[in-house]
Amino acid sequence: EVQLVESGGGLVQPGGSLRLSCAASGFIFSGYEMNWVRQAPGKGLEWVAYISNGGSPIYYADFVKGRFTISRDSAKSSLYLQMNSLRAEDTALYYCARTEAGNYDALDVWGQGTMVTVSS
Amino acid sequence: IHMTQSPSSLSASVGDRVTITCRASQSITTYLNWYQQKPGKAPKLLIYGASSLQIGVPSRFSGSGSGTDFALSISSLQPEDFATYYCQQSYSTPPTFGQGTKLEVK
């Protein structure tokens, strides 16, 4: 079964750091581009970051540039998001999602999400 | 690229045909995808490339449009279709989502 499982979320103070992980299974992880997408409580979907299957190029949403770093480890079939200088407005459910490059770059597989709460 | 969905919410009954529209601020050819999200669940891909049905999605869902104007139609609403729907453009980076359309029971 194709699956993505996020972990690493939690409560962190403003200015703090957190590292999210996404474990992939059921498909050849190294063959797929990956993303992080977030959803603030009661709000819509917001794309955060992208990494190609080979690790480059990498793209970020403007609101996380310089603070967040996306990376991947194909040997571990895992995707990561290092989040630094966290702000209250980063509070959200963070999903990892697979890009289906052959299908108009749609996000065809999503994890269940991991919640990040930034609060003092 | 800014994506605008309408309406923001919609009340309908089982068996109704409904249509949700999505407009892009510039041409995205057919790089338009639709997702369904139920409360407490991850989004699910329904339609990619404006009109192609994702594997496993019921045929009562259909998508149309190109350029800047798109639509998602559900031909005969089923109880499990009441959810929030999002359009998303994948034409250029950053990929952007519409604000969502909440489909509720009338």
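In the block above lies the structure referred to throughout.
How each quantity is defined
Residues numbered from 1 in each chain as written. Chains lettered and ligands numbered in written order. Predicted model: local features only at pLDDT ≥ 70, side-chain atom pairs only at ≥ 80, totals over all residues. Heavy atoms only, no water. Helix = DSSP H or I, 4+ residues; strand = E, 2+ residues; numbered from the N terminus. Rg over C-alpha atoms; globule rule 2.2 N^0.38 Å. Buried < 20%, exposed > 50% of the residue type's maximum accessible area, 1.4 Å probe, protein only. Contact = heavy atoms within 4.5 Å. Areas by Shrake-Rupley, 256 points an atom, 1.4 Å probe, with all protein chains shown as cover. Lys, Arg positive; Asp, Glu negative; His and termini not counted. Charge placed at Lys NZ, Arg CZ, Asp CG, Glu CD. 1 Å grid on protein atoms, 1.4 Å probe; cavity = no way out; pocket = protein on both sides within 12 Å on 5 of 7 lines; lining within 4 Å. Points joined across faces, edges and corners; volume = space filled by probe spheres on them. Nonpolar A, V, L, I, M, F, W, Y, C, P; charged D, E, K, R; others polar. Pairing = 2+ DSSP bridges. Axes fitted to C-alpha atoms, helices over the stretch in contact; angles between N-to-C directions. Salt bridge = Lys/Arg side-chain N within 4 Å of Asp/Glu carboxyl O.

It is not clear to me how the overall build of chain A should be interpreted in this structure. Could you clarify?
A count of helices and strands for chain A gives zero helices and 11 strands. A compact globule built from 120 residues would reach a C-alpha radius of gyration of about 14 Å, and chain A, at 14 Å, matches this within 12%. On the principal axes, the C-alpha backbone points of chain A span a range of 40 × 25 × 25 Å. For chain A, the proportion of its 120 residues judged to be buried stands at 48%. Residue pairs in contact within chain A that sit at least 24 positions apart in sequence constitute 53% of those at least 6 positions apart. Carbon and sulfur atoms make up 46% of the accessible area of chain A, which totals about 5,300 Å². A distance of 7 Å separates the average location of the 9 positive side-chain charges in chain A from that of its 11 negative side-chain charges.

Looking at this structure, how should I read the layout of surface pockets?
Empty pockets left among the atoms are what a rolling probe the size of a water molecule brings to light. Approximately 440 Å³ is the volume attributed to the largest pocket. Lining of the largest pocket is provided by 22 residues; of these, A:Gln39, A:Lys43, B:Gln37, B:Thr84 and B:Tyr86 occupy positions nearest its centre. Within the residue set of the lining of the largest pocket, elements represented by two or more residues are strand E9 (92-100) of chain A together with strand E9 (84-89) and strand E11 (101-105) of chain B. Broken down by element, the residue count for the lining of the largest pocket peaks at three residues, all from E11(B). Of the residues belonging to the lining of the largest pocket, the class tally is nine nonpolar, eight polar and five charged.

Just to check I follow, could you spell out the sheet that holds strand E1 (residues 3-7) of chain A for this structure?
Two orientations exist for strands paired in a sheet by backbone hydrogen bonds: parallel and antiparallel. Residues and elements named next belong to chain A. Pairing is antiparallel in the open sheet, where four strands are placed in the order E1-E3-E8-E7. Edge positions in the open sheet fall to E1 and strand E7 (68-73), since each of these has one partner strand only. Strand-to-strand twist in this sheet, taken as the mean axis angle between neighbours without regard to direction, amounts to 15°. Sheet topology note: the E7/strand E8 (residues 78-83) ladder contains six bridges and is antiparallel.

Could you clarify how one ought to interpret the pattern of salt bridges in this entry?
It is possible for side chains of opposite charge to pair when their charged atoms get near one another. All names here are of chain A. Tallying each qualifying case throughout the model produces nine salt bridges over all chains. The partner of Arg-67 in a salt bridge is Asp-90, with the nearest N and O atoms 2.7 Å apart. Taken together, the residues Arg-67 in the loop between strand E6 (58-60) and E7 and Asp-90 in the loop between E8 and E9 connect sequence positions 23 residues apart. Taken individually, Arg-67 and Asp-90 each receive the classification buried, so the pair is uniform in this respect. One network of salt bridges, with partners in common, ties together Arg-38, Glu-46, Arg-67 and Asp-90.

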